[in-house]
Amino acid sequence: MNATSNIITLPGDGIGPEIMDAAKRLIGELGGIDWHDHDIGGVAIDNHGTALPDTTLEAAKTSDAVLLSAVGGPKWDSTNPDDPRPEQGLLGIRKELDLFANLRPVKPVPALYGSSPLREERITGTDLLVIRELTGGIYFGEKKRENGVASDVCSYSEVEIERIARVAFKSARAKVTSVDKANVLESSRLWREVVTRVHADEFADIPLDHLLVDNAAMQLVAAPSEFDVILTENMFGDILSDEAAMITGSIGMLPSASLGGDGPGLFEPVHGSAPDIAGSGKANPLAMFLSVAMMLRHGLGREADAARVESAVDSVLAGGLRTADLGGDAGTAEVVDAVIAAL
Ligand code: NAD
């Protein structure tokens, strides 16, 4: 067993505290992890007047990993641009921790093949990871509007491309597919050049191919099982990771990780705070459990425990237990008990 890790837990809003309680039961069972709760999002606005209090940020910076549920809800929806908004907490912590790599695994569980909008034979064997650059590109470039003309600048530096490429090659098991639009965009030509160089210099033993983003969008639904790691820039990754997520058919099942340079990573389910079911005991805790698995793997160096959690989740689903979002009638507590028993 490694030395005890210190993580901060951010329960947030809506079903956030319910699924964080579930995560704490799981973490307690695994052992070796101390956690401390901090406020973020709507609850932080209520308690501190800001969605990302300094105390939360400082605790995050000195932690080994950050585990987040979800933020937001109708209580904090406002049309006044000066009002604080829950998602400022999320964007703020990603930026402050310099989390430039967003990882979203897509691995449909055989027991849930029927929930996918794609035919079973198309998705069988799919086990891919989208690695999206998160802090550069067109979302962060200069934005202008003048005389009826608007523009958004898409810029990338070699350093930004090198560091995300390394994350992709280190995560690959079979190959890396780098996605760009090098036939028309200069930033994509630099992207392709730098990815090719990092590959040749440091990871030549891992197969690398390049795909134009329009073709990648087609291949993702035509033959998703052909992919291993998809490496791409911010906006292409935003779109392709949502497309890939739909292969699994359920938002309540998808985890994510955001990693930075040397500091802690942030691990969270892809879904939001689900205010419509908050407090009803119906939330599916599995995306959160799979986020804990990602934290064990990418944040705490505990691969064997990550795999244990994932296979416990698989076996519970194979046994037929389902929360309402998956068409069943099990509650959160029942699913948590079953996963912990399977562990
Ligand atoms: P949502 O993901 O919260 O919910 C969409 C639908 O999926 C709802 O019907 C919900 O009940 C269901 N759902 C989501 N997670 C579930 C789970 N674990 N178990 C069972 N059902 C689940 O998205 P939304 O409704 O668009 O947004 C609600 C709030 O969440 C908004 O305030 C939004 O801004 C916020 N949000 C936060 C994040 C985040 O914190 N990362 C992400 C997306 C949305």
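Computed from a predicted structure; not experimentally measured.

**Q** What should I look at first to understand the overall build of the chain in this one?
**A** Helix and strand counts for the chain come out as 12 helices and 12 strands. Its C-alpha atoms give the chain a radius of gyration of 20 Å, near enough to 20 Å, the size a compact globule of 343 residues would have. Along the first, second and third principal axes, the C-alpha atoms of the chain reach 50 × 50 × 45 Å. Counting every position in the chain, which comprises 343 residues, the buried fraction comes to 50%. Look at the contacts in the chain between residues 6 or more apart in sequence, and 76% of them connect residues 24 or more apart. Of the accessible surface of the chain, which amounts to about 15100 Å², a share of 51% is contributed by carbon and sulfur atoms. Distance between charge centroids for the chain: 3 Å, based on 29 positive and 52 negative side chains.

**Q** What is the right way to look at the environment of Val213 in this model?
**A** Within the secondary structure, Val213 is located in helix α8 (residues 213-222). For the pair Val213 and Ile247, spaced 34 residues apart in the sequence, the C-alpha separation amounts to 18 Å. Those residues in contact with Val213 that sit more than four places away from it in its chain are Val179, Asp180, Lys181, Phe236 and Leu240.

**Q** Explanation requested: the packing of aromatic side chains in the structure shown.
**A** The description of an aromatic ring pair rests on the distance of the ring centres and on the angle between the ring planes. Taken as a whole, this structure holds two aromatic pairs when the rule is applied. On the basis of an interplanar angle of 70° and a centroid distance of 5.5 Å, the ring pair of Tyr156 and Trp191 is categorised as edge-to-face. In this pair, Tyr156 sits in the loop between β7 (149-152) and α6 (158-171) while Trp191 sits in helix α7 (residues 186-202), placing the two residues 35 residues apart along the sequence. With respect to class, Tyr156 is no different from Trp191; both count as buried. A centroid spacing of 5.1 Å and a plane angle of 20° characterise the contact between Phe169 and Phe203, whose relative ring orientation is stacked. Highlighted residues: Phe169 in helix α6 and Phe203 in the loop between α7 and β9 (208-212), separated in sequence by 34 residues. Across the pair, exposure class does not vary: Phe169 and Phe203 are buried alike. We note Arg163 situated over the ring of Phe100; from NZ or CZ to the ring centre the distance is 4.0 Å.

**Q** Looking at this structure, how should I read the nonpolar core?
**A** A general tendency of soluble globular proteins is for nonpolar side chains to be buried together. Counting residues in hydrophobic clusters, the biggest one holds 64 residues, and the most contacted among them are Leu67 and Met295. Here this core takes nine residues from helix α10 (residues 286-299), the largest share from any one element. Both domains that furnish three or more residues to this core are identified here as domain 1 (1-101 + 255-343) and domain 2 (117-248). If we skip the residues at most four places from it in the chain, Leu67 touches Ile7, Ile8, Thr9, Leu10, Met20, Ala23, Ile27, Phe267, Met288, Val292 and Met295. Counting residues in hydrophobic clusters, the runner-up holds 17 residues, among them Val106, Leu118, Val130 and Leu240.

**Q** I tried to follow the packing of α6 against α7 on my own but got confused; where do I start?
**A** Helix packing for two helices is described by the angle between their axes and how far apart those axes are. It is at 9 Å that the axes of α6 and α7 come closest, and there the two elements cross at 50°. Regarding the angle of α6 to α7, the classification is oblique. The hand of the α6/α7 crossing is right-handed. On α7, the residues that touch Glu158, Ile161, Glu162, Ile164, Ala165, Arg166 and Phe169 of α6 are Leu190, Trp191, Val194, Val195, Arg197, Val198, His199 and Glu202.

**Q** Quick question: what am I supposed to make of helix α9 (residues 234-245) here?
**A** Because each turn of an α-helix spans 3.6 residues, side chains separated by three or four positions in sequence point in the same direction. Over its 12 residues, α9 runs 16 Å from end to end, which matches the ideal 16 Å to within 8%, given 1.5 Å per residue. Looking at α9, one finds that the buried residues are Asn234, Phe236, Gly237, Leu240, Ser241, Ala244 and Ala245. Taken down its axis, α9 places every buried residue within 150° of arc, on the same side. In this structure, the buried residues of α9 make contact with β4 (101-106), β5 (128-133), β8 (176-180), α7, α8 and β10 (229-232). Measuring from the backbone nitrogen of Met235 back to the side-chain oxygen at the start of α9 gives 3.0 Å, which picks out Glu233 as the cap.

**Q** I would appreciate a short explanation of the site of the ligand in the present structure.
**A** Looking at the ligand, there are 18 residues lining it, with Val71, Gly272, Ala274, Asp276 and Asn284 nearest. Contact distances for the ligand include 2.8 Å between an oxygen atom and a backbone N or O atom of Ala274. Within the complex, 66% of the 800 Å² of free accessible area of the ligand lies under protein. Its residues placed into classes, the shell around the ligand shows nine nonpolar, six polar and three charged.

The rules behind each value
- Residues numbered from 1 in each chain as written.
- Predicted model: local features only at pLDDT ≥ 70, side-chain atom pairs only at ≥ 80, totals over all residues.
- Heavy atoms only, no water.
- Helix = DSSP H or I, 4+ residues; strand = E, 2+ residues; numbered from the N terminus.
- Rg over C-alpha atoms; globule rule 2.2 N^0.38 Å.
- Buried < 20%, exposed > 50% of the residue type's maximum accessible area, 1.4 Å probe, protein only.
- Contact = heavy atoms within 4.5 Å.
- Areas by Shrake-Rupley, 256 points an atom, 1.4 Å probe, with all protein chains shown as cover.
- Lys, Arg positive; Asp, Glu negative; His and termini not counted.
- Charge placed at Lys NZ, Arg CZ, Asp CG, Glu CD.
- Phe/Tyr/Trp six-rings, centres within 6.5 Å; stacked < 30°, edge-to-face > 60°.
- Lys NZ or Arg CZ within 6 Å of the ring centre and 35° of its normal.
- Core = buried A, V, L, I, M, F, W, Y, C linked by side-chain atoms within 4.5 Å.
- Domains from an automatic or database assignment.
- Axes fitted to C-alpha atoms, helices over the stretch in contact; angles between N-to-C directions.
- Parallel < 35°, antiparallel > 145°, perpendicular 65-115°, else oblique.
- Left-handed = near helix turned anticlockwise from the far one by under 90°.
- Expected span 1.5 Å × (residues − 1).
- Arc of directions from axis to C-beta.
- Polar contact = N/O pair within 3.5 Å; in protein donor to acceptor, adjacent residues only side chain to side chain.
- Near = heavy atom within 4 Å.
- Nonpolar A, V, L, I, M, F, W, Y, C, P; charged D, E, K, R; others polar.

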